[in-house]
Amino acid sequence: MIIGRILGTVVSTQKDERLLGKKLLIVKPINLDGTDQSGYVVAVDTVGAGFHEKVIVVGGSSARMAEGNKDCPVDSAIIGVIDTIDLTKEFDG
Amino acid sequence: MIIGRILGTVVSTQKDERLLGKKLLIVKPINLDGTDQSGYVVAVDTVGAGFHEKVIVVGGSSARMAEGNKDCPVDSAIIGVIDTIDLTKEFDG
Amino acid sequence: MIIGRILGTVVSTQKDERLLGKKLLIVKPINLDGTDQSGYVVAVDTVGAGFHEKVIVVGGSSARMAEGNKDCPVDSAIIGVIDTIDLTKEFDG
Amino acid sequence: MIIGRILGTVVSTQKDERLLGKKLLIVKPINLDGTDQSGYVVAVDTVGAGFHEKVIVVGGSSARMAEGNKDCPVDSAIIGVIDTIDLTKEFDG
Amino acid sequence: MIIGRILGTVVSTQKDERLLGKKLLIVKPINLDGTDQSGYVVAVDTVGAGFHEKVIVVGGSSARMAEGNKDCPVDSAIIGVIDTIDLTKEFDG
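Residues numbered from 1 in each chain as written. Chains lettered and ligands numbered in written order. Predicted model: local features only at pLDDT ≥ 70, side-chain atom pairs only at ≥ 80, totals over all residues. Heavy atoms only, no water.

What to know about the side chain of Ser76(D)
Next, step 1: Position of Ser76(D) among the secondary structure elements: in strand 5 (residues 76-81).
Next, step 2: A residue is classified by how much of its surface remains accessible, and Ser76(D), at 3% relative accessible area, is buried.
Next, step 3: Residue contacts for Ser76(D): discarding those within four places in its chain leaves Met1(A), Val41(D), Val42(D), Ala43(D), Val44(D), Val57(D), Val58(D), Gly59(D) and Ala63(D). (Helix = DSSP H or I, 4+ residues; strand = E, 2+ residues; numbered from the N terminus. Buried < 20%, exposed > 50% of the residue type's maximum accessible area, 1.4 Å probe, protein only. Contact = heavy atoms within 4.5 Å.)

Points about the side chain of Arg5(B)
Residues and elements named next belong to chain B.
Next, step 1: Relative to the helices and strands, arginine 5 is located in strand 1 (residues 2-11).
Next, step 2: A polar contact of 2.9 Å, which involves the side chain of arginine 5, links it to the side chain of aspartate 36.
Next, step 3: One polar contact links arginine 5 to histidine 52, side chain to side chain, over a distance of 3.1 Å. (Polar contact = N/O pair within 3.5 Å; in protein donor to acceptor, adjacent residues only side chain to side chain.)

Notes on the nonpolar core
Next, step 1: In terms of nonpolar packing, the biggest core is built from 63 residues, with Met1(B), Ile3(B), Met1(C), Ile3(C), Met1(E) and Ile3(E) touching the most fellow members.
Next, step 2: Discounting chain neighbours no more than four positions away, the residues touching Ile3(C) are Val10(B), Ile26(B), Tyr40(B), Val42(B), Lys28(C), Pro29(C), Ile30(C), Leu32(C), Val55(C), Ile82(C) and Ile85(C). (Core = buried A, V, L, I, M, F, W, Y, C linked by side-chain atoms within 4.5 Å.)

Thoughts on the relation of the copies chain D and chain E
Next, step 1: Overlay of chain D on chain E (RMSD 0.0 Å): rotation 72 degrees, translation along the axis 0.0 Å. Within this description, the copies of the chain are treated as partners about a five-fold rotation axis. (Least-squares fit on C-alpha atoms with pLDDT ≥ 70 in both.)

Thoughts on the relation of the copies chain E and chain C
Each of the two chain copies can be brought onto the other by rotation about an axis and movement along it.
Next, step 1: Each copy superposes on the other: chain E lies on chain C with an RMSD of 0.0 Å after a rotation of 72 degrees and an axial shift of 0.0 Å.
Next, step 2: Looking at chain E, a mere 3% of its interface residues are interface residues in chain C too, so the copies touch through different faces.

Concerning the layout of surface pockets
Next, step 1: Of the volumes computed, that of the largest pocket is approximately 780 Å³.
Next, step 2: Every residue lining the largest pocket is counted, 39 residues in all, and those nearest its centre are Ser61(A), Ser62(A), Ser61(B), Ser61(D) and Arg64(D).
Next, step 3: Within the lining of the largest pocket, the residues separate by chemical class into 5 nonpolar, 19 polar and 15 charged.
Next, step 4: Considering only enclosed or pocket space, the second largest pocket measures out at about 170 Å³ in volume. (1 Å grid on protein atoms, 1.4 Å probe; cavity = no way out; pocket = protein on both sides within 12 Å on 5 of 7 lines; lining within 4 Å. Points joined across faces, edges and corners; volume = space filled by probe spheres on them. Nonpolar A, V, L, I, M, F, W, Y, C, P; charged D, E, K, R; others polar.)

With respect to the interface of chain E and chain C
Next, step 1: The interface is formed by 32 residues belonging to chain E together with 31 residues belonging to chain C.
Next, step 2: Taken together, the two surfaces of chain E and chain C that pack against each other cover about 2,500 Å², and 52% of this comes from carbon and sulfur.
Next, step 3: The largest share of the area that chain E buries against chain C comes from Met1(E), Met65(E) and Ile79(E), three residues that together contribute 28% of it.
Next, step 4: Our count for the chain E to chain C interface comes out at 1 salt bridge. (Buried area = accessible area lost by both parts, 1.4 Å probe. Salt bridge = Lys/Arg side-chain N within 4 Å of Asp/Glu carboxyl O.)

Considerations on the interface of chain D and chain E
By a widespread convention, an interface's size corresponds to the accessible area lost as its parts come together.
Next, step 1: Counting from both sides, the interface comprises 32 residues of chain D and, opposite them, 31 residues of chain E.
Next, step 2: Counting the surface lost from both chain D and chain E, the interface buries some 2,500 Å², and carbon and sulfur atoms represent 52% of this.
Next, step 3: For the pair chain D and chain E, the interface holds 1 salt bridge.
Next, step 4: Our enumeration of links across chain D and chain E arrives at 19 residue pairs in polar contact (both at pLDDT 80 or more).
Next, step 5: Only strand 1 (2-11), strand 4 (54-59), strand 5 and strand 6 (84-87) of chain D provide two or more residues apiece to the side of chain D that touches chain E.
Next, step 6: Per-class residue counts for the side of chain D that touches chain E are 18 nonpolar, 10 polar and 4 charged.

Quick word on the pairing of strand 4 (residues 54-59) of chain A
Residues in a regular strand point their side chains to alternate faces of the sheet.
Residue and element names in this part refer to chain A.
Next, step 1: With 4 bridges connecting them, strand 1 (residues 2-11) and strand 4 associate as antiparallel partners. By the bridge assignment, isoleucine 2 is partnered in strand 4 with valine 57.
Next, step 2: Both strand 4 and strand 5 (residues 76-81) contribute to a ladder of 5 bridges, which runs antiparallel. Looking at strand 5, one finds that valine 55 is bridged to valine 81. (Pairing = 2+ DSSP bridges.)

This is how it looks when you write it as structure tokens:
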């Protein structure tokens, strides 16, 4: 899984019917020091995450294991809102 | 999922029979500011997208969950046409 | 899926028995302007492609959906020979 | 699989219920000479690994094959603690 | 699939029980001219490959289709020892 922060929303009317009612969020992957990585991913929110919250994102077929995503055409899902990231002292990267 | 815009079509006569009747489109991944990323992907259109429309593309095994792709040898599918991308104000990447 | 051209063949005698009789080809991914990308992939040919033909290559678990690959340990398969790639005029990448 | 060392822990209260009780660790991929690679991955610990231990990490759908991860929305799991890495003499990379 | 050469072995005692008896090898991906690529992968040997032999490596869920890997938490497997790589004349990359 990766860690990201929520940047925005994708709105689509003409879409696969199994996406109906799903919230598609734009997530920016972040480094462990909180800075942004390049790129982004569009992920289905399955835990009610809020804007700019740090979240855990699962990718690939496992995104379909997240709540409500069974058999859906999604490859990325938000599965947790992060409270804290605890790094050991000697980490510097 | 990623966001892309449709650039063109791939025409193939000699192909897997489960690709018969499928529309294979060339999609250019784009950044959140609308500029092109490098590279491209060939994706099956499952929502009737038009040229240059911004679309949502799902990859991997989940592409087979898109309408009509069950058990097909495809790893990328267009599953939505994008109306708008709403980014929060402070986004700058 | 990606587009590539066939560069050569991999010959292996000591191999998984489900690879017996399969043609393992070396495919070079190409850009939309026909130039080579870096890297290569070893893919199972399932459509009888010829050397230097432009082909469509599917990756991941979906490679097992290609003709004859069911339950085989393969992650890349050639599923189509390309006739033409039609790009819209304003494409420049 | 890749080799990494454990850097820290991710704490999340608001999460998919199938993550309850799972230990989410931050793993830094390392090179064969022991130096850090860039990036990180959040992986479920399934073998009781300790901080800074070198571990084997499996990714993708196979992470769900690790002990206790069946049908869980996880794409990365720690499946072994490494005792030694034996490289042949002529290796220099 | 990719082509690599075997560099060494990973020894792990504390591991997922479905890895018991499996040989975990370190494989260096190589270019078509035989030079090393950067990076490495830890793969399960399923064909009895020897050190420095050139091998075919399958990744992702298809690694579980290799002999003996059913339902195992592995994402990379050696499925063939390469005899020869035959490239057509005009190849230069």
